[in-house]
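# Structural overview
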Amino acid sequence: MSSIDEKKSDETGACASDPAPLSGSVVAIKPDMALQFLTDAKHDGVDTTSIDESKLRWKIDLRLMPILCTIYFLQYLDKTLLNYAAVMGIRKNLTTSEYSNLGTIFYVGYIVSEPITSYLMQRFPIGKYLGINVTLWGIVVACHAACNTYAPLMVIRVLLGIFEACVAPSLVLITGMWWSKPEQSRRTGLWYMQIGVAQIVGAAISYGFQHVNSTKIANWQILFLFMGCLTVVVGIATIVLLPDNPMSAGFLSRGEKVLAIEHVRKNQTGVENKTFKWSHVRELLFKDIQTWPLFFITVLAMIDNGAVSNFSSIIISTFGYSNERTTIIQMPSGAVSIIATVFATYLVAAVGERALFVAIITVPSVLGAGLLLGLPVSMKVGKLFGVYLLNFCPAMLPIIYSWGAANTAGYTKRAMRNALTLVAFCIGNIIGPQMFQTKDAPNYNPAKIALIATMSLVVVFAIGLRQLMIWENSRRDKALDKIARERVEDFEFLDMTDIENKEFRYSH
């Protein structure tokens with residue numbers, strides 16, 4: 001058994017040898033959909049002995065991960081095309097404040113639709129729902145080409161935010177359906193690091209389109225049309241190829257489906273449940289001690305993300321580089337994002353200690369903001385290095401995604417946890433661009449000071465949340481030592497929340 005499997009509770013929720021919750025402690029009105037599938041398979045005598053589990057894991061990875069990675073790649077690239085279009089001429093009719101508002105209004109649409117889309121993805125087949133939204137936002141991206149003034153761009157950015165809102169929560173739920181908690185950290189890291197890939201590819205595509213000359217249409221308009229059409233194709237492919245859950249996966253045999261479900265049993269978070277439970281929402285908002293610390297960690301960290309996504313090209317252009325060179329110089333930012341994501345997520349999967357890695361990965365970004373603030377204008381290389389370092393902090397988001405998934409049981413609660421995380425994500429990204437005001441150009445020193453302060457607070461909140469989780473696990477251990485425990489069959493699929501399931505242990 002590997003060292004990961006031997007970890008008692010940090011990555012699996014509870015030790016595999018632990019007894020199940022007390023009989024009668026929770027009455028599950030609507031159990032997980034996987035439970036009925038397993039019951040039927042057992043009744044029909046489905047044989048799984050001849051199936052090679054390692055080959056099955058590869059089969060699942062090779063089918064799902066390319067789809068998930070491509071979707072996340074496109075959702076980041078499509079929403080940040082505005083950043084590349086800024087140096088291609090779209091800003092000619094916009095003031096700095098208006099450009100900031102375009103970055104902000106995207107997240108207004110995102111934040112308003114997030115609770116609604118999280119509800120809908122529980123009620124409808126999640127693969128089809130995700131594919132439809134990808135197709136719709138592809139159409140919206142193409143429509144950017146018809147907008148070259150402030151008002152229509154504001155409308156189109158709101159629509160883009162609405163349709164992209166489902167991506168991250170859908171991918172977190174899908175990842176939780178198919179992989180164990182240590183595996184989730186790695187898989188989340190793989191699809192999330194497509195942000196870095198998108199930064200590199202986006203800069204390269206933008207550089208290429210800057211050399212396309214047309215008397216009838218601007219090169220930034222051609223860029224939006226190309227990416228919009230590509231996204232529509234991927235959306236249609238998602239509808240066809242992405243399964244809604246392990247039980248309905250057409251590329252698996254019935255025995256393989258059983259093993260896929262059994263593989264995630266130890267998570268104690270279930271697979272899927274179509275019944276929306278308001279009790280889970282109330283528990284999340286008013287009883288769960290980790291909810292609000294995790295919320296504010298996300299808000300504070302994503303302020304940096306909002307700044308990097310919308311203003312990195314503008315910050316670099318103040319160093320005196322040409323538009324073409326500014327675009328190419330942004331490419332190492334993507335490499336930094338990839339390195340930071342791989343470093344964080346793979347070490348978290350091996351070691352645990354999510355809170356400590358959140359704190360560690362924030363430090364380089366604090367240093368980056370400090371370099372931008374403290375170095376003189378003449379030290380372009382040092383300031384450029386500071387811009388690159390800012391890309392470390394956003395790489396903590398996959399840790400936050402997997403942290404919330406690992407510590408949340410009950411399907412409705414998991415869906416709403418994702419929604420709340422994405423609301424926090426939006427708030428941070430709304431605040432980030434607004435810190436860069438026209439009156440502070442070209443140095444934007446107040447924004448850089450604010451970045452240092454907010455990212456420093458992330459470290460404080462992360463360490464505090466870690467201690468809260470340690471105390472809660474200790475409290476649960478002591479409480480269980482005082483009472484007799486009795487097994488409940490298949491308790492992992494009864495759709496209990498982490499608070500209802502007294503055997504659940506929190507990762508920290």
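Residues numbered from 1 in each chain as written. Predicted model: local features only at pLDDT ≥ 70, side-chain atom pairs only at ≥ 80, totals over all residues. Heavy atoms only, no water.

### A closer look at the overall build of the protein chain
Counting its regular elements, the protein chain contains 20 helices and zero strands. Across the 508 residues that make up the protein chain, the buried fraction comes to 61%. (Helix = DSSP H or I, 4+ residues; strand = E, 2+ residues; numbered from the N terminus. Buried < 20%, exposed > 50% of the residue type's maximum accessible area, 1.4 Å probe, protein only.)

### Focus: the packing of helix α8 (residues 181–192) against helix α15 (residues 331–351)
Between two packed helices, what matters for the description is the angle formed by their axes and the separation of those axes. The geometry of α8 relative to α15 is characterised by a closest axis approach of 8 Å and an angle of 170 degrees between their N-to-C directions. By the angle between their directions, the pair α8 and α15 is classed as roughly antiparallel. Where α8 abuts α15, its residues Pro182, Ser185, Arg186, Gly189, Leu190 and Tyr192 lie against Thr341, Thr345, Tyr346, Val348 and Ala349. Considered class by class, the residues forming the contact of α8 with α15 number six nonpolar, four polar and one charged. (Axes fitted to C-alpha atoms, helices over the stretch in contact; angles between N-to-C directions. Parallel < 35°, antiparallel > 145°, perpendicular 65-115°, else oblique. Contact = heavy atoms within 4.5 Å. Nonpolar A, V, L, I, M, F, W, Y, C, P; charged D, E, K, R; others polar.)

### What to know about the nonpolar core
Counting 146 residues, the largest nonpolar core has Tyr72, Trp178 and Trp191 as its most contacted members. Apart from residues lying up to four places away in sequence, Trp191 is in contact with Met65, Leu68, Cys69, Tyr72, Ala168, Leu171, Val172, Thr175 and Tyr401. In this structure, Phe295, Val299, Leu420 and Val423 belong to the second largest nonpolar core, which totals five residues. (Core = buried A, V, L, I, M, F, W, Y, C linked by side-chain atoms within 4.5 Å.)

### Some words on the pattern of salt bridges
Any two side chains of opposite charge can pair if their charged atoms end up close together. Counted according to the given criterion, the structure contains 14 salt bridges. Measuring nitrogen to oxygen at the nearest pair gives 2.8 Å for the salt bridge that ties Arg505 to Asp477. Here the residue Arg505 occupies a position in the segment after α20 (445–481), and Asp477 occupies one in helix α20, the gap between them amounting to 28 residues. Owing to a relative accessible area of 31%, Asp477 belongs among the partly exposed residues under this scheme. Three or more residues are tied together by salt bridges with common partners; here these are Glu283, Asp288, Lys413, Arg417 and Asp498. (Salt bridge = Lys/Arg side-chain N within 4 Å of Asp/Glu carboxyl O.)

### Comments concerning the packing of helix α16 (residues 354–374) against helix α17 (residues 380–389)
Two elements in contact, α16 and α17, have axes whose closest approach is 7 Å; the angle formed by their N-to-C orientations is 150 degrees. By the angle class used here, α16 and α17 are roughly antiparallel. Of the two possible hands of crossing, α16 and α17 adopt the one that is left-handed. Facing Pro364, Ser365, Leu367, Gly368, Leu371 and Leu372 of α16, the residues of α17 in contact are Gly382, Lys383, Phe385, Gly386, Val387 and Leu389. When its residues are assigned to classes, the contact of α16 with α17 shows seven nonpolar, four polar and one charged. (Left-handed = near helix turned anticlockwise from the far one by under 90°.)

### A closer look at unusual backbone geometry
Look at Gln268: it is not a glycine, yet its phi comes out positive at around 60 degrees. Structurally, the position occupied by Gln268 is in the loop between α11 (254–263) and α12 (278–286). Positive phi, close to 55 degrees, is recorded for Glu353, a residue that is not glycine. Within the secondary structure, Glu353 is located in the loop between α15 and α16.

### Things to note about the environment of Lys30
Within the secondary structure, Lys30 sits in the loop between α1 (3–6) and α2 (33–43). Residue classification places Lys30 among the partly exposed residues on the basis of a relative accessible area of 44%. Taking the C-alpha atoms as reference points, Lys30 and Asn273, 243 residues apart in sequence, are found 7.7 Å from one another. Non-local contacts of Lys30, meaning those with residues more than four positions away in its chain, are made with Asn273, Thr275, Lys277 and Asp495.

### Brief notes about the packing of aromatic side chains
The final tally for this structure, using the stated rule, is 19 aromatic pairs. Here the aromatic rings of Tyr192 and Tyr401 are separated by 6.5 Å at their centres, their planes lie at 75 degrees, and the arrangement is edge-to-face. With Tyr192 in helix α8 and Tyr401 in helix α18 (residues 397–406), the pair connects residues that are 209 residues apart, well separated along the chain. Tyr401 matches Tyr192 in its accessibility class, with the two residues each being buried. (Phe/Tyr/Trp six-rings, centres within 6.5 Å; stacked < 30°, edge-to-face > 60°.)

### What to know about the environment of Ile156
Assignment of secondary structure puts Ile156 in helix α6 (residues 150–164). A relative accessible area of 9% places Ile156 in the buried class. Along the chain, Ile156 and Trp137 lie 19 residues apart, while their C-alpha atoms are 9.9 Å from each other. Excluding anything up to four places from it in sequence, Ile156 contacts Val140, Cys143, His144 and Cys147.

### Observations regarding the state of the cysteines
One pass over the structure, following the stated rule, counts zero disulfides. The thiol sulfur of Cys147 is not disulfide-bonded, and the nearest other cysteine sulfur, from Cys143, lies at 7.1 Å. Overall, Cys147 belongs to the buried group, its relative accessible area being 8%. (Disulfide = S-S within 2.5 Å.)

### What about α15?
In a regular helix each residue adds 1.5 Å, so 21 residues correspond to 30 Å; α15 covers 31 Å between its end C-alpha atoms and thus fits that length. Burial in α15 covers these residues: Ser333, Gly334, Val336, Ser337, Ala340, Thr341, Ala344, Thr345, Val348 and Ala349. Gly352 occupies a position one or two residues after α15 and carries a positive phi of about 85 degrees. (Expected span 1.5 Å × (residues − 1).)

### Notes on the environment of Val308
Relative to the helices and strands, Val308 is located in helix α13 (residues 291–317). Assessed through its relative accessible area of 7%, Val308 is described here as buried. A sequence separation of 83 residues divides Val308 from Asn391, and the C-alpha atoms of the two residues are 7.1 Å apart. The residues contacting Val308, other than those within four sequence positions of it, are Gln199, Leu390 and Asn391.

### Some points on α8
In an α-helix, one turn spans 3.6 residues; hence positions three or four apart end up facing the same way. For α8, spanning twelve residues, the distance from its first C-alpha to its last is 16 Å, which sits close to the expected 16 Å at 1.5 Å a residue. With respect to burial, α8 is a largely interior element, ten of its twelve residues being buried. Of all the positions in α8, only Lys181, Pro182, Glu183, Gln184, Ser185, Arg187, Thr188, Gly189, Trp191 and Tyr192 are classed as buried.

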